[in-house]
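# An overview of the molecular structure
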Amino acid sequence: MEKSRFIKIYSNLPIRLRDEIVLVVNYQDKKQPITWNVAYVEISNNTELGKTIYNELIKMEII
């Protein structure tokens, strides 16, 4: 996972936009809404959810 790709996009977002939902992922058999801020925390900490979020953002061509 190349975090710098996500960090570059995240750092250029307006601060108000970071609280907006960027995607919804299936995690632990539940649909979870993910904001940019949650994505940042999860990807930065290299969690399983972070890996899922990162891969979904790539699939959606957001990053």
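Here goes a summary of the coordinates provided. (Residues numbered from 1 in each chain as written. Predicted model: local features only at pLDDT ≥ 70, side-chain atom pairs only at ≥ 80, totals over all residues. Heavy atoms only, no water.)

## Regarding the pairing of strand β1 (residues 21-27)
Formally: When DSSP locates at least two bridges between a pair of strands, those strands are taken to pair. Secondary structure counts use DSSP, requiring at least four H or I residues in a row for a helix and at least two E residues in a row for a strand, with both numbered from the N terminus.
In terms of strand pairing, β1 meets strand β2 (residues 30-35) through six bridges, oriented antiparallel. Opposite L23, over in β2, you have I34 as the bridge partner. Linking β1 back to β2 in an antiparallel pair, the connection comprises two residues, with Q28 at a positive phi of about 55°.

## A word on a nonpolar patch on the surface
We apply this condition: The patch calculation keeps residues exceeding 30% relative accessible area without a salt bridge and links them within 9 Å when they carry like charges or within 5 Å when they are nonpolar (Val, Leu, Ile, Met, Phe, Trp, Tyr). All accessibility values rest on the Shrake-Rupley procedure with a 1.4 Å probe; residue burial counts only the protein chains present in the view. Salt bridges are identified by distance alone: a Lys or Arg side-chain nitrogen within 4 Å of an Asp or Glu carboxyl oxygen.
Together, I7, Y40 and V41 make up an exposed nonpolar region whose accessible area comes to about 220 Å². As for its position among the elements, Y40 is in helix α2 (residues 36-44).

## A few points about the pattern of salt bridges
For clarity, the cut-off: The buried label applies to any residue whose accessible area, calculated with a 1.4 Å probe on protein chains only, is under 20% of its type's maximum; exposed applies above 50%, and partly exposed to all values in between.
The final tally for this structure, using the stated rule, is two salt bridges. Across the pair K51 and E48 runs a salt bridge, and its minimum N-O distance is 3.5 Å. With a gap of three residues between them, K51 and E48 both fall in helix α3 (residues 48-59), about one helical turn apart. Residue E56 pairs with K59 through a salt bridge whose shortest N-O separation is 3.5 Å. One end of the pair is E56 and the other is K59, both in helix α3 and three residues apart, which spans about a single turn. In this structure E56 comes out as partly exposed when scored by relative accessible area, which is 25%.

## What about the nonpolar core?
Quick reminder of the rule: Only buried Ala, Val, Leu, Ile, Met, Phe, Trp, Tyr and Cys residues count toward a nonpolar core, and they belong to the same one when joined by side-chain atoms within 4.5 Å.
In this structure, F6, L23, I43, I53 and L57 are the most contacted members of the largest nonpolar core, which totals 15 residues. Elements that contribute at least two residues to this core include exactly α1 (3-11), β1, α2 and α3. Looking at this core, the element that brings in the most residues is α3, giving four residues.

## Remarks on unusual backbone geometry
With phi around 55°, Q28 is a residue other than glycine that occupies positive phi space. Taking relative accessible area as the criterion, Q28 reaches 62% and is therefore assigned exposed. In the Ramachandran plot, D29 falls in the positive-phi region, its phi being about 60° despite a non-glycine side chain. In this fold, D29 is placed in the loop between β1 and β2. Under the relative-accessibility criterion, D29 is labelled exposed at 81%.

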